[in-house]
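# Chains, contacts and geometry: an overview
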Amino acid sequence: MASVEWIKTFFFAKTAPLITPSHFREFPHVTDKECTHCFQCMMICPAPGAIEVIRTEKPGEWKPVIHLGHCIRCGLCVEICPELVLDSGRVHTKNAQDGTYMQFQFHITVNPVICMGCGICSVACPVNKEIDPQLAAKGTSTSDEVIMRVYKGINTVFHEEKCTGCKTCEEQCPNRSVMVARVLEPLQITEEP
Amino acid sequence: MTLLQSFKNAVRQRSIHVCYVDTGSCNGCDIEVLACLSPRYDLEQYGIYVHNNPREADVLLVIGGVTPQWEDKLKMVWDKMPEPKVAVAIGNCPISGCVYNRPDSLTRPPAKSYIPIAAEVPGCPPRPTEIIQAILSVAPLIFKDWEIRR
Ligand code: SF4
Ligand code: SF4
Ligand code: SF4
Ligand code: SF4
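Here the structure is a predicted model, which means the values were calculated and not measured. (Residues numbered from 1 in each chain as written. Chains lettered and ligands numbered in written order. Predicted model: local features only at pLDDT ≥ 70, side-chain atom pairs only at ≥ 80, totals over all residues. Heavy atoms only, no water.)

All residues in the neighbourhood of ligand 2 are listed as A:P28, A:C45, A:P46, A:A50, A:I51, A:I66, A:C71, A:I72, A:R73, A:C74, A:G75 and A:C77. Classifying every residue of the shell around ligand 2 by side-chain character gives ten nonpolar, one polar and one charged. (Near = heavy atom within 4 Å. Nonpolar A, V, L, I, M, F, W, Y, C, P; charged D, E, K, R; others polar.)

As structure tokens, this is what we get:
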């Protein structure tokens, strides 16, 4: 009988079934928390075309959609979402435990050698358009509140911190002179002694 | 179905020969395919064997975002494989180009515009378990009763 057992083991032995543990960071899934369509998840995503925030059939409701085949499972969208709409693995549990969170801002650089001061970037910027209606009408701005505008023949950045990272300016610039870089900062809440 | 056919089906299920081709990946997916061979995942217990010879392969694993150099050569590798055959795209790169899919980059995804892809395993990189599962689920579908359906 022992030999039958031996033959069975020899031919049919398998390693234990391999199941992905639940704490692994999977493709983010959408929970039923309400999305405020702030688009922060889309702005932080490093993979082109991985996440989109789109309107659902219900009026006034927005939901992020993750595209498999594009998403790299980095989990940044899960961490940045202020409403915790997305979830994946134990990202939220760990953040709550350690008091860690993520912050990001955008750094705009203009190459003064190739910028010809056309101002296309400043009038294309959706944030600029809101701040100064002159720019929305493709006019000339003298406001110092805008993110950037042409000043003394060159595109000058005034308020970098207002940039939301849409990169419209980068796409519109004919000289590829303006560049928007995302600066990510992982932070931890420290208790004062 | 004849007895011979059912015997063939049973044998084929445990004898899947794999060839992989890297069409310009960052090496991440290659390492995950390599991990499938390790004792932890042990590909061969499922009857999957990796060679790098398309002429004796049943399954072609396509890895990487298809660089311009590969545009014609991927088809050449595919044509060398004997029927029945199946191609599986491993990782985001052959599906979409992943993070390399930007203006002026040297990738020409997707791989399915050059050869027929039967299954796609998303991930950057996908886990070894996901790769094994994809091969195991797609290969029998293609090879079962091949002589009858042909
Ligand atoms: S999912 Fe979160 S980060 Fe994304 S748009 Fe909705 S609320 Fe903003
Ligand atoms: S996990 Fe990373 S790659 Fe995937 S959608 Fe979120 S931010 Fe983008
Ligand atoms: S990235 Fe968008 S918000 Fe920021 S400056 Fe450019 S256009 Fe304006
Ligand atoms: S950065 Fe580009 S779009 Fe903006 S003013 Fe200079 S050349 Fe024109």
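A word on the packing of helix α2 (residues 28–36) of chain B against helix α5 (residues 128–143) of chain B. Residue and element names in this part refer to chain B. Contact geometry for α2 and α5: axes closest at 8 Å, N-to-C directions at 75°. Considered as vectors, α2 and α5 are oriented roughly perpendicular to each other. In this structure, α2 contributes E32, V33, A35 and C36 to the contact, and α5 contributes P128, I131 and I132. The class makeup of the residues in the contact of α2 with α5 is six nonpolar, no polar and one charged. (Axes fitted to C-alpha atoms, helices over the stretch in contact; angles between N-to-C directions. Helix = DSSP H or I, 4+ residues; strand = E, 2+ residues; numbered from the N terminus. Parallel < 35°, antiparallel > 145°, perpendicular 65-115°, else oblique. Contact = heavy atoms within 4.5 Å.)

Further remarks concern the pattern of salt bridges. For the structure shown, the criterion picks out ten salt bridges over all chains. Linking A:E26 and A:R73 is a salt bridge whose minimum nitrogen-to-oxygen distance equals 3.4 Å. Of the two residues, A:E26 is situated in the loop between α1 (2–12) and β1 (29–30) and A:R73 in the loop between β3 (62–66) and α3 (76–80); the sequence distance between them amounts to 47 residues. Residue classification places A:R73 among the buried residues on the basis of a relative accessible area of 6%. A salt bridge links A:D144 to A:R149; the nearest nitrogen and oxygen atoms lie 2.9 Å apart. By relative accessible area, A:D144 is classed as partly exposed at 45%. The exposure class assigned to A:R149 is buried, which follows from its relative accessible area of 9%. Each of A:E26, A:R73, B:R127 and B:E130 takes part in one network of salt bridges that share partners. (Salt bridge = Lys/Arg side-chain N within 4 Å of Asp/Glu carboxyl O. Buried < 20%, exposed > 50% of the residue type's maximum accessible area, 1.4 Å probe, protein only.)

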